[in-house]
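If you want the building blocks of each chain, they are given just below.
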Amino acid sequence: VSQSRYDMEDKLSIPAPSKDQQEKDIHNFEVLKGQIMSGNDSIELVKKFKLLIRKLAKQGLLPKNDVEDIMETLFDLGY
């Protein structure tokens, strides 16, 4: 295998997130979701929620269909 192939593999390898961080992200998702559902419409809160949704989706922790539904609902609510 050529050196350039090794370089490419190094650049494409992404360290797996720790289980602890994943659990924190899932907990944070539930907290933010609860705050939004209870009427907190802070722009910063919604922004954090959207970013976290994308992060969890990329990690495979949220199904793509759920992500699309959540984002569509937020859009319909004016976020």
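Just above sits the structure.
These notes cover the structure that comes with them. Keep in mind it's a predicted model, so treat the numbers as computed, not measured.

1. A word on the packing of aromatic side chains
- As enumerated under the stated definition, the model contains one aromatic pair in all.
- Centroid distance Phe29 to Phe49: 5.3 Å. Interplanar angle 20°. Geometry classified as stacked. Here Phe29, found in helix α2 (residues 19–37), pairs with Phe49, found in helix α3 (residues 43–58); they are 20 residues apart in sequence, far enough to count as distant. The pair formed by Phe29 and Phe49 is uniform in burial state, with each residue classed as buried.

2. What to know about the side chain of Asp25
- Here Asp25 shows up in helix α2.
- Taking the relative accessible area as the measure of exposure, Asp25 reaches 6% and is therefore buried.
- With residues near it in sequence (within four places) discarded, Asp25 still touches Leu52, Lys55, Leu56 and Gln59.

3. Digging into the pattern of salt bridges
- Applying the stated criterion across every chain yields a total of two salt bridges.
- The shortest N-O distance in the salt bridge between Glu30 and Lys33 comes to 3.4 Å. Highlighted residues: Glu30 and Lys33, both in helix α2, separated by three residues, approximately one helical turn.

4. Description of the environment of Leu74
- Note that Leu74 resides in helix α4 (residues 64–76).
- Leu74 sits in the buried class, given a relative accessible area of 4%.
- In the structure, Leu74 is positioned 24 residues away from Lys50 in sequence and 8.9 Å away in space, judged by C-alpha atoms.
- Setting aside residues no more than four positions away along its own chain, Leu74 makes contact with Phe49, Lys50, Ile53 and Tyr79.

5. Things to note about the packing of α2 against α3
- Where α2 meets α3, the closest approach of the two axes is 10 Å, and the angle between their N-to-C directions is 140°. Between α2 and α3, the angle is such that the two are oblique. Our pair here, α2 against α3, has a crossing hand that is left-handed. Residues Gln21, Asp25, Ile26, Asn28, Phe29, Leu32, Lys33, Gln35 and Ile36 of α2 form the contact with α3, whose participating residues are Leu45, Val46, Lys48, Phe49, Leu52, Ile53, Lys55 and Leu56.
- When the residues that make up the contact of α2 with α3 are grouped by side-chain class, the tally is 10 nonpolar, three polar and four charged.

6. A closer look at α2
- Spanning 19 residues, α2 covers 27 Å between terminal C-alpha atoms, matching the ideal 27 Å at 1.5 Å per step.
- For α2, the complete set of buried residues consists of Gln22, Asp25, Phe29, Leu32 and Ile36. Along α2, the residues classed as buried sweep out an arc of 90° about the axis, all on the same side. Exposed residues pointing more than 90 degrees away from the buried face of α2 are listed as Lys19, Asp20, Glu23, Lys24 and His27.
- The elements touched by buried residues of α2 are α3 and α4.
- Positive backbone phi, approximately 110°, marks Gly39, located one or two places after α2.

The rules behind each value
- Residues numbered from 1 in each chain as written.
- Predicted model: local features only at pLDDT ≥ 70, side-chain atom pairs only at ≥ 80, totals over all residues.
- Heavy atoms only, no water.
- Phe/Tyr/Trp six-rings, centres within 6.5 Å; stacked < 30°, edge-to-face > 60°.
- Helix = DSSP H or I, 4+ residues; strand = E, 2+ residues; numbered from the N terminus.
- Buried < 20%, exposed > 50% of the residue type's maximum accessible area, 1.4 Å probe, protein only.
- Contact = heavy atoms within 4.5 Å.
- Salt bridge = Lys/Arg side-chain N within 4 Å of Asp/Glu carboxyl O.
- Axes fitted to C-alpha atoms, helices over the stretch in contact; angles between N-to-C directions.
- Parallel < 35°, antiparallel > 145°, perpendicular 65-115°, else oblique.
- Left-handed = near helix turned anticlockwise from the far one by under 90°.
- Nonpolar A, V, L, I, M, F, W, Y, C, P; charged D, E, K, R; others polar.
- Expected span 1.5 Å × (residues − 1).
- Arc of directions from axis to C-beta.

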